[in-house]
Amino acid sequence: MTMKQGKVDALLGIVFGDEGKGKVVDYFTPRYDVVARFAGGPNAGHTIIFEGKKFVLRSIPSGIFDEGKVNIIGNGCVIAPDLFMAEAQELETAGYTLTNRLHISRRAHLILPTHRVLDRAYEAAKGKNKVGTTGKGIGPTYSDKAARVGLRVGDILENFEEKYQTLKARHEQILRDLHFTDYDIADEEKKWLEGIEYMKKFPLTDTEFEINRALEQGKNVLAEGAQGSLLDIDHGTYPYVSSSSTTAGGVCTGLGVAPNRIGRIFGIFKAYSTRVGGGPFVVELFDETGDTIRHIGNEYGAVTGRNRRCGWLDLVALKYAIMINGVTDLVMMKSDVLDDFETIKVCTAYTKDGVTVTDMPYDTEGWQPVWEDVPGWHTPLSELRNEKDFPKKFADYIAYIERATGTPISIVSVSPDREATIIR
Ligand code: IMP
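Just so you know, these numbers come straight off a predicted model, no measurement behind them.

Enquirer: Sorry if this is basic, but what is going on with empty space enclosed by the protein here?
Expert: To find the voids left in a structure, one rolls a probe of water-molecule size over its atoms. Summed over all chains, the structure comprises 3 cavities of 30 Å³ or more. Roughly 70 Å³ of volume is contained in the largest cavity. Forming the boundary of the largest cavity are 13 residues, of which V15, F269, K270, Y272 and S273 lie nearest the centre. At the level of secondary structure, the elements contributing two or more residues to the lining of the largest cavity comprise β11 (262–270), β12 (273–275), β14 (313–314) and α10 (315–325). Broken down by class, the residue content of the lining of the largest cavity amounts to 7 nonpolar, 3 polar and 3 charged. Taken together, F16, L230, T237, P280, F281, V282, D314, A317, Y350, M360 and T364 make up the lining of the second largest cavity.

Enquirer: Is there a simple way to think about the site of the ligand in this case?
Expert: Within the structure, the ligand sits among 16 residues, and N43, T134, S242, V276 and R306 are positioned closest to it. Note that a nitrogen atom of the ligand is positioned 3.3 Å from one of the side-chain N or O atoms of Q227. Between the ligand and S242 there is a distance of 2.6 Å, counted from an oxygen atom to a side-chain nitrogen or oxygen. For the ligand, the accessible surface in isolation is 470 Å², of which the surrounding protein chains cover 96%.

Enquirer: Looking at this structure, how should I read the pairing of β11?
Expert: Along any regular strand, the residues point their side chains to alternate faces of the sheet. With 7 of its 9 residues buried, β11 lies for the most part within the structure. Two elements, strand β1 (residues 8–13) and β11, share 5 bridges in a ladder whose sense is parallel. Within β11, the residue paired with G13 across the bridge is I268. Looking at chain direction, β11 and strand β15 (residues 329–333) are connected through 5 bridges and run parallel.

Enquirer: Can you walk me through the sheet that holds β11 in this structure?
Expert: In a beta sheet, neighbouring strands are held together by backbone hydrogen bonds and run either parallel or antiparallel to one another. Taken in spatial order, the 10 strands line up as β9-β7-β5-β2-β10-β1-β11-β15-β19-β20 in an open sheet, and their pairing is mixed. Every interior strand has two partners, whereas the edge strands, β9 (204–205) and β20 (421–423), have only one. Sheet topology places strand β7 (residues 102–105) next to β9; 2 bridges connect them, and they run parallel. Each bridged residue has a counterpart across the sheet, and for I104 the counterpart in β9 is L204.

Enquirer: I'm lost on unusual backbone geometry in this one. Help?
Expert: Here the amide bond leading from Y238 into P239 is cis, since omega sits at 5°, within 30 degrees of zero. Along the chain, P239 turns up in the loop between β10 (221–224) and α8 (248–255). Here the phi dihedral of H179 falls at roughly 55°; this positive angle occurs in a residue that is not glycine. One can find H179 in the loop between α5 (160–177) and α6 (186–199). With phi around 50°, N298 is a residue other than glycine that occupies positive phi space. With respect to the element layout, N298 can be found in the loop between α9 (288–297) and β13 (309–311).

Enquirer: What's the story with the environment of T181 in this structure? I'm lost.
Expert: Tracing the backbone shows T181 in the loop between α5 and α6. When the C-alpha positions of T181 and D291 are compared, they lie 39 Å apart, and in sequence the two are 110 residues distant.

Enquirer: Explain the state of the cysteines to me, please; I cannot follow it from the model alone.
Expert: A covalent bond bridging the sulfur atoms of two cysteines is what the word disulfide describes. In the structure shown here, the tally under the stated rule is 0 disulfides. The closest cysteine sulfur to the non-disulfide-bonded C252 is located on C77, 14 Å from its own sulfur. Here C310 stays free of any disulfide, with the sulfur of C347 as its closest cysteine sulfur at 16 Å.

Enquirer: It is not clear to me how the side chain of K270 should be interpreted in this structure. Could you clarify?
Expert: Of note, K270 is situated in strand β11. Reaching out from K270, the side chain makes a polar contact with the backbone oxygen of D18 at a distance of 2.8 Å. Apart from the residues within four sequence positions on either side, K270 is in contact with D18, E19, E299, R308, L313, M332, M333 and K334.

Quick notes on the rules
Residues numbered from 1 in each chain as written. Predicted model: local features only at pLDDT ≥ 70, side-chain atom pairs only at ≥ 80, totals over all residues. Heavy atoms only, no water. 1 Å grid on protein atoms, 1.4 Å probe; cavity = no way out; pocket = protein on both sides within 12 Å on 5 of 7 lines; lining within 4 Å. Points joined across faces, edges and corners; volume = space filled by probe spheres on them. Helix = DSSP H or I, 4+ residues; strand = E, 2+ residues; numbered from the N terminus. Nonpolar A, V, L, I, M, F, W, Y, C, P; charged D, E, K, R; others polar. Near = heavy atom within 4 Å. Polar contact = N/O pair within 3.5 Å; in protein donor to acceptor, adjacent residues only side chain to side chain. Areas by Shrake-Rupley, 256 points an atom, 1.4 Å probe, with all protein chains shown as cover. Buried < 20%, exposed > 50% of the residue type's maximum accessible area, 1.4 Å probe, protein only. Pairing = 2+ DSSP bridges. Disulfide = S-S within 2.5 Å. Contact = heavy atoms within 4.5 Å.

Structural data, given as structure tokens:
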């Protein structure tokens, strides 16, 4: 008899990121043997409140708080050695031992200090059409990966200095061509090189083999998404996107697992919408209601501190993301933020120049939302721990979304507390 193979379940933000993945991964971790990041890098900020302390994880998977788990930074990720070192040392100072439990793919790409300068230079050159990046060098690093000139984690182990100088010189030439010469990376570079040495403490491995062997042994893997589906390089609101594959397909390429190894896909969204950075955002509210949602929902960026743009729930976006990812279960976060609204609006279609669509359009610029009113529940949700106590109108809101998307909402979060994650 052959042993039952394990599965990779994915936990994905399915809108514009910031859905509260950190909290959910933390809740899910006990069920998995391995937690792996498959895309993105320090542009992410997964906030976890653990034993009364708040941590913002950028590159390190959220399974790190659980001593028994293996955590993997997969090949689809990009990693900044200096920021990684700061993040890891903060956890070490808090008493966590990381070195045996955190494995880094040799195929993951390194973010150089000059990638971050390039990020700024490219943004500056864009004028008013800025992407509004996090400034962490994400785009330039993935560009070098695609251009086949990038440095990988495995490069640290051999002739590194020479490879580093070659790529740095290439970047400096581009910066001169862009007339972007007013930068000084001396201090940053020193820390970065320290970070390179620090990374050598960790197993720098071929993580695709580790993951597949774990699956063969019947172990289960949680793929922890970063950003959101509408920031995906292929399926997002291009060019206002991040540069990685944030969707379910990215789990396969970013970890080296085959599609038939994927089990459930949990799609996380908030009971309303937010976006940080530039780009179209059809459901954006420019009025007091938007400010109220921002204020109650504390919608300020975990990495950059920027105000997040706020709006009502967007079913066009949600249905599109469910389709692209094959979402099996929806996870609705921050429902309590809408407690005080008499009426809640939901966007059911987009309209422009007399044309109305329900399929996500190729170019989301210039579309207006078509709203449908849904009655608010006007009851505080945050103390509730059981579905049977949900106010009728909140249960109706859940049922409305399930009907519209054809997908069950399996988990509902009603406050930042760990216990306020209600399984249905
Ligand atoms: P980049 O990933 O820094 O290149 O930024 C590209 C776009 O993605 C910008 O609009 C960012 O604001 C957005 N973005 C990147 N990471 C996150 C995230 O973790 N949450 C929300 N938005 C993000």
